[in-house]
Amino acid sequence: MRKAHVWGMTFVASLFLAVAAWAQSAEDIVWVQIEARPSLNTALDRAQAYAQTLEDVNGFALTNGWYGIALGPYRRADAEQVLSVYRADGLIPSDSYISASQRYVEQFWPAGANVLNRSAVLNAPQSTVETLASQPDAVTEDVEVVDETPREARQSERLLTREERDALQIALRWAGFYNAAIDGAFGPGTRRAMSDWQRAQGLEPTGVLTTRQRAQLLGQYNAILDGMNLQRVADTEAGIEMLIPTGVVAMSGREYPFVTFDATGDLPVQVLMISQAGDQTRLFGLYDIMQTLEIVPLDGRRERRQASFLLIGENDKIVSHTEVELQGGEIKGFTLVWPAGDEARRTRVLEEMRASFQRLEGALTAEWSTDAQDVDLVSGLQVRKPRLSRSGFFVDGAGTVLTTIEAVDSCTRVTVDETTNATLAVANAALGLAVLTPETPLAPRAFAAFAAGAPRLQSEAVAAGFSFEGTLGAPTITYGQVADLRGLGGETEITRLQINTLDGDAGGPVFDEAGAVVGMILPRTAVVRQLPQDVRFAINHEALVGLLTEAGRSPSAQTTAAAMAPEDITSRARDMTVLVSCWD
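Residues numbered from 1 in each chain as written. Predicted model: local features only at pLDDT ≥ 70, side-chain atom pairs only at ≥ 80, totals over all residues. Heavy atoms only, no water.

Undergrad: Go over the overall build of the chain with me, naming the residues and quoting the values.
TA: Each helix and strand counted, the chain has 13 helices and 31 strands in total. Expressed as a percentage of the 584 residues in the chain, the buried residues total 47%. A sequence separation of at least 24 residues applies to 61% of the contacts in the chain between residues at least 6 apart. For the chain, the accessible area works out to roughly 28000 Å², and carbon and sulfur atoms hold 49% of it. (Helix = DSSP H or I, 4+ residues; strand = E, 2+ residues; numbered from the N terminus. Buried < 20%, exposed > 50% of the residue type's maximum accessible area, 1.4 Å probe, protein only. Contact = heavy atoms within 4.5 Å. Areas by Shrake-Rupley, 256 points an atom, 1.4 Å probe, with all protein chains shown as cover.)

Undergrad: Hey, could you go over the nonpolar core for me, with residue numbers and the actual values?
TA: Formed by 27 residues in total, the largest nonpolar core has its most connected members in Phe393, Leu402, Phe450, Phe511, Ile539 and Leu544. Sorting the residues of this core by element identifies strand E22 (433-438), strand E24 (460-465), strand E28 (517-521), strand E29 (535-540), helix H12 (541-550) and helix H13 (566-576) as the ones contributing at least two each. It is H12 that contributes the most residues to this core, four residues altogether. By size, the runner-up hydrophobic cluster in this structure holds 23 residues, among which are Val249, Val259, Met273 and Phe334. (Core = buried A, V, L, I, M, F, W, Y, C linked by side-chain atoms within 4.5 Å.)

Undergrad: Can you break down the pattern of salt bridges residue by residue, with the values?
TA: Here the structure, examined in full by the defined rule, presents 25 salt bridges. Note that arginine 199 and aspartate 196 form a salt bridge whose closest N and O atoms lie 3.1 Å from each other. In this pair, arginine 199 and aspartate 196 are both assigned in helix H8 (residues 188-200), three residues apart and thus about one turn of the helix distant. The residue aspartate 503 makes a salt bridge to arginine 524 at a minimum N-O spacing of 3.4 Å. Taken together, the residues aspartate 503 in the loop between strand E26 (494-498) and strand E27 (509-511) and arginine 524 in the loop between E28 and E29 connect sequence positions 21 residues apart. The network of salt bridges with common partners includes Glu35, Arg37 and Arg46. (Salt bridge = Lys/Arg side-chain N within 4 Å of Asp/Glu carboxyl O.)

Undergrad: Before we move on, can you summarise the state of the cysteines with the specific residues and values?
TA: Scanning all chains against the criterion turns up one disulfide. Between the sulfur atoms of cysteine 411 and its disulfide mate cysteine 582 the distance is 1.9 Å. The sign of the S-S torsion, about -115°, decides the handedness of the disulfide formed by cysteine 411 and cysteine 582: left-handed. One end of the pair, cysteine 411, is in the loop between strand E19 (401-404) and strand E20 (413-416); the other, cysteine 582, is in strand E31 (residues 577-583), with 171 residues separating them in the sequence. Each of the two residues, cysteine 411 as well as cysteine 582, counts as buried. (Disulfide = S-S within 2.5 Å.)

Undergrad: Now, about the sheet that holds strand E3 (residues 67-75): what can you tell me, with residues and values included?
TA: Across the sheet, five strands lie side by side as E4-E1-E3-E2-E5; this open sheet has antiparallel pairing. The sheet terminates laterally at strand E4 (97-100) and strand E5 (104-109), the two strands that pair on one side only. Pairwise comparison of adjacent strand axes, ignoring direction, gives a mean angle of 45° for this sheet. Here strand E1 (residues 29-37) pairs with E3 via seven bridges, running antiparallel. Counterpart to arginine 37 in the pairing with E3 is tyrosine 67. Set on the sheet, helix H3 (residues 76-88) makes contact with E1, E3 and E4; between it and E3 the angle comes to about 125°. (Pairing = 2+ DSSP bridges. Axes fitted to C-alpha atoms, helices over the stretch in contact; angles between N-to-C directions.)

Undergrad: Describe the pairing of strand E2 (residues 57-62), naming the residues involved and giving the relevant values.
TA: For E2, the buried fraction is high: six of the six residues fall into the buried class. Relative to E3, E2 is paired through five bridges, and the arrangement is antiparallel. Among the inter-strand pairings, phenylalanine 60 is bridged to a residue of E3, identified as glycine 68. One ladder, built from three bridges, connects E2 with E5; its direction is antiparallel. In the strand pairing of E5, leucine 62 is matched with tyrosine 104.

Undergrad: Report on the sheet that holds strand E7 (residues 240-245), specifying residues and quantitative values.
TA: A sheet is described by the order of its strands in space; here three strands give the open sequence E6-E7-E15, paired in antiparallel fashion. Both outer strands of the open sheet, strand E6 (230-235) and strand E15 (358-359), are each paired with one neighbouring strand and no more. With six bridges connecting them, E6 and E7 associate as antiparallel partners. Note that in E7 the partner of arginine 232 across the bridge is leucine 243. Contacting E6, E7 and E15, helix H11 (residues 343-356) runs over the sheet at an angle of about 165° to E7.

Undergrad: Which residues make up H8, and what are the values?
TA: For H8, which comprises 13 residues, the first-to-last C-alpha distance of 18 Å matches the rise-based estimate of 18 Å (1.5 Å per residue) to within 8%. Those residues of H8 lying buried are Thr190, Arg191, Ala193, Met194, Ser195, Trp197 and Gln198. Packed against the buried residues of H8 are helix H6 (150-157), helix H7 (162-174) and helix H9 (211-223). The positive-phi residue at the C-terminal boundary of H8 is glycine 202, with phi of around 80°. (Expected span 1.5 Å × (residues − 1).)

Undergrad: Give a detailed account of the environment of leucine 431, specifying residues and quantitative values.
TA: Its place among the elements puts leucine 431 in the loop between strand E21 (420-428) and E22. Taking C-alpha positions, leucine 431 is 9.3 Å from leucine 522, a pair spaced 91 residues apart along the chain. Excluding anything up to four places from it in sequence, leucine 431 contacts Glu493, Leu522, Ile539 and Ala543.

Undergrad: Would you mind going over H3 in detail, with residue names and values included?
TA: Here H3 contains 13 residues, and its C-alpha end-to-end distance of 18 Å stays within 8% of the 18 Å for a straight helix at 1.5 Å per residue. On its buried side, H3 packs onto E1, E3 and E4. Just downstream of H3 lies glycine 90, where phi reads positive at about 75°.

Undergrad: How would you sum up a nonpolar patch on the surface? Please name residues and give values.
TA: A surface patch of nonpolar side chains, about 290 Å² in accessible area, is lined by Phe468, Leu472 and Leu502. Along the chain, leucine 502 turns up in the loop between E26 and E27. By relative accessible area, which is 34% here, leucine 502 ends up partly exposed. (Patch = residues over 30% accessible without salt bridge, like charges linked within 9 Å, V, L, I, M, F, W, Y side chains within 5 Å.)

Undergrad: Which residues make up the packing of H7 against H9, and what are the values?
TA: At a closest axis distance of 9 Å, the pairing of H7 and H9 adopts a crossing angle of 55°. What the angle tells us is that H7 and H9 run oblique. The interaxial crossing formed by H7 with H9 has left-handed handedness. Counting all contacts with H7, which are made through Ala167, Leu168, Ile170, Ala171, Leu172 and Trp174, the residues of H9 involved are Arg214, Leu217, Leu218, Gln220 and Tyr221. For the contact of H7 with H9, a count of residues per class yields nine nonpolar, one polar and one charged. (Parallel < 35°, antiparallel > 145°, perpendicular 65-115°, else oblique. Left-handed = near helix turned anticlockwise from the far one by under 90°. Nonpolar A, V, L, I, M, F, W, Y, C, P; charged D, E, K, R; others polar.)

What follows is the structure in structure tokens.
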């Protein structure tokens, strides 16, 4: 098979041109990295495969412990054309990118080659360069590299700009050797950090980094971004410009107020640009809406300020970071969603995105909303839903809730009406009951008044509950009859009802004709036998009152036995019945 090449450039010829160019400007010499593998054997196989069709294939150990396959070396302009042509022809992966030499350590392909050490002679007299160029075989031999002396290192260090000095301190901090301010001043703290870093690399701890050591440190710092291909993306519709990791995401669409970039490979990354016109009310509304999305897990930091907010959500699968700010009537920000357990890379990408974020003129408007509607989606993003929802009801003026234990079993978080977090105060597995305490004070409009005695057989029973697990947004009222004051096995704490309730009604109250609570609907899963459709069971009011009393609550008793108008029972039921949701 004939190898692909650009302008007939062979490996030796391209190397000769690169060496000559490097003597003029080392910054112009770059590589086209096409792949990275964690295993040396796999990397060797891939390098051999690429070498069947491409010229200038090299393999290097990377500073992050992986093994990279790169084409080159090239002048930057040549590398850009190689990257463009080979990508277009499908000869190299679409996420290939241009890389600097500092990211490469030791060469493993081709066998015996040592291209990196050729840089050691680039500052030698021109006659040496000419000799090497005329004797290609000699170029592959190891050349002893003489590093700068501490005095020479200090001299080269004096030429660094403030930005370059800051970058070294940032890299030292990232590597865990420096924890002071980034001020560009190489005082005792920075010198100590440099010594510690040198010692960790097996180098003489002089406290002054040579030119090569500075490149090595920065190479380690930047190596973690290999494959991210951070590119500055300007979206004029959203009025946002920022660095986006285009090596792992690509724009998938606009849906007000988001510009979405979805994963293009195996790394489950997602980026959102957030843009809309608005005021503080809209900002706070967006803050609330964002927390309903699956991409913002429940655990994590939440900060809402006067003109901005920060949302960090994390679980065992993802870490989500959202920053939004209101300026000049425009709400703009971004979200980065990254797989959990990859903190070093996530943190670096996040730093680059945050530092590069710029506001341009304009913001997304409602015209970017689609006509498609789905209750499970917000602007095309999946809304987080509870694992299950059941019913419950207030039993006192403090907002204590009585519900079925099924509603709180193995939950990461339990909510009342999806807005208030609640904690489990008491549970009774034998009865299937749970008592919840709201984490923030509630003032219910009504709470349970329990019957003084048992209901009459064949008397009317009214059940209230969220039959459809919150879909309707309000409890459903279902009418039936009291069929028996005992369970099928003679259980004295159970009342049998003739009534058609659904799974979501479990935990909801059962009322008698006077509006007093006479029981709580049990889940159908608690009954093993296959029973007629209208047969349901409830824990009776005596068992409910007993549990609440043991829990230190003071349940109220119904003071009158007079029948209540159906509409009044309905009103009371809806005021005291709540949706209890279990979240993972």
